[in-house]
Amino acid sequence: MASVLVPVLYVGIVISSLLLFSHFYRKRTAGKLYEPYFSSHPERDVYVSLLQKSDPPAHEALLKAALVRRAMTDVTRVVKLREDKPALQNLLQKGSIGDDLWNSLLQAEKELEAEIMEVVAEANTFVEGWGGIIFQSAGEMIANEKMRTVYEETPASREIKEQKYGKVGAKIDLPLPQPVLMPGPPPPGHPAHAAALAAAAAGGAQGSAPGTPVKPPNGLMPPRTSSTKAESVASSDGEGRDTPSPSKSSKKKSKKRK
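The rules behind the values
Residues numbered from 1 in each chain as written. Predicted model: local features only at pLDDT ≥ 70, side-chain atom pairs only at ≥ 80, totals over all residues. Heavy atoms only, no water. Helix = DSSP H or I, 4+ residues; strand = E, 2+ residues; numbered from the N terminus. Contact = heavy atoms within 4.5 Å. Areas by Shrake-Rupley, 256 points an atom, 1.4 Å probe, with all protein chains shown as cover. Expected span 1.5 Å × (residues − 1). Salt bridge = Lys/Arg side-chain N within 4 Å of Asp/Glu carboxyl O. Patch = residues over 30% accessible without salt bridge, like charges linked within 9 Å, V, L, I, M, F, W, Y side chains within 5 Å. Buried < 20%, exposed > 50% of the residue type's maximum accessible area, 1.4 Å probe, protein only. Core = buried A, V, L, I, M, F, W, Y, C linked by side-chain atoms within 4.5 Å.

## Side note on the overall build of the protein chain
Moving on, step 1. Secondary structure assignment for the protein chain yields 8 helices and 0 strands.
Moving on, step 2. Once local pairs closer than 6 in sequence are excluded, the contacts in the protein chain between residues at least 24 apart make up 65%.
Moving on, step 3. Carbon and sulfur atoms provide 61% of the accessible area of the protein chain, an area that totals close to 22,100 Å².

## What about helix 6 (residues 154-165)?
Moving on, step 1. In this model helix 6 runs 16 Å from its N-terminal to its C-terminal C-alpha over 12 residues, within 8% of the 16 Å that 1.5 Å per residue would give.
Moving on, step 2. Gly166 sits one or two residues past helix 6 and shows a positive phi near 95 degrees.

## Quick notes on the pattern of salt bridges
Moving on, step 1. Inspection of every chain in the model, using the stated rule, returns 8 salt bridges.
Moving on, step 2. The residue Glu109 makes a salt bridge to Lys85 at a minimum N-O spacing of 3.3 Å. Of this pair, Glu109 sits in helix 4 (residues 99-126) while Lys85 is found in helix 3 (residues 60-94), placing the two residues 24 residues apart along the sequence.
Moving on, step 3. One salt-bridge network, in which partners are shared between bridges, spans Arg44, Arg70, Glu115 and Glu118.

## Topic: unusual backbone geometry
Moving on, step 1. That bond from Asp55 to Pro56 is cis: its omega, -10 degrees, falls within 30 degrees of zero.
Moving on, step 2. As for its placement among the helices and strands, Pro56 is situated in the loop between helix 2 (42-52) and helix 3.

## Details of the environment of Glu145
Moving on, step 1. Relative to the helices and strands, Glu145 is located in helix 5 (residues 134-152).
Moving on, step 2. Contact partners of Glu145, with chain neighbours within four places excluded, come to Arg69 and Met72.

## Examining a nonpolar patch on the surface
Moving on, step 1. Taken together, the side chains of Tyr10, Val11, Val14, Ile15, Leu18 and Leu19 present a nonpolar region at the surface, about 610 Å² in accessible area.
Moving on, step 2. With respect to the secondary-structure elements, Val14 resides in helix 1 (residues 2-30).

## Concerning the side chain of Asp84
Moving on, step 1. Take Asp84: it is sitting in helix 3.
Moving on, step 2. On the accessibility criterion, Asp84 (19% relative accessible area) is buried.
Moving on, step 3. Among residues more than four places away in sequence, those in contact with Asp84 are Tyr37 and Leu105.

## Observations concerning the nonpolar core
Moving on, step 1. Counting 17 residues, the largest nonpolar core has Leu67, Ala71, Val119, Trp130, Ile134 and Phe135 as its most contacted members.
Moving on, step 2. Those elements that place two or more of their residues in this core are helix 2, helix 3, helix 4 and helix 5.
Moving on, step 3. Ranked by the residues each element gives to this core, the list is headed by helix 3, at 7 residues.
Moving on, step 4. Other than its neighbours up to four places away in sequence, Trp130 contacts Lys64, Leu67, Val68, Ala123 and Asn124.

So, in structure tokens, the structure goes:
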């Protein structure tokens, strides 16, 4: 009996100690303030200050612009959290970072969710249904700003590359290729087309002898038509063989009988 109670008592003591440790640990970490993952949100502060301004009140277009700028910042932070979370989770599993940074990221996610819901609600107060597309518009504006920044920085980056690698050779202006126009036959409705047809018909009539068939321009002769009358077959010496008629053969037979 004693041999059974000892392991049961040991397991109970271990489980109770773990429960007590987790209870005090959660109680301690619940009131702990973590360092914010993002330092501040100046676009939100600007929008709130413009919204609270009453003498004179801010124009509606200015409020909309401030709200869109606030949404652009939220989109940038969402992208950053999506990029950082897998890397931090991998580092946390390896023990390279502490729990404070991970908890700070989780807290930033919750704050950002509340911020997005607030922006959607504020957008719907201006125009009904604008909250569903404000973040899409903000993403397009971010992409436009990136392209414009790259375009504006191109001359400066080119000068830096020329100083580092040297200038490129002289530019050679090549002549543009000229289109080659091949002469073709005139269209059917053109006067030159009728003149060409008349000249071709006149030349064919003069070159052909009388009684001979005119050779078509494509080089092919028309097939000869067979006559309805039967032709006599010529022999090797040039004389034709006439087939005796049945009346002559009957007369010869009658003379022999006589």
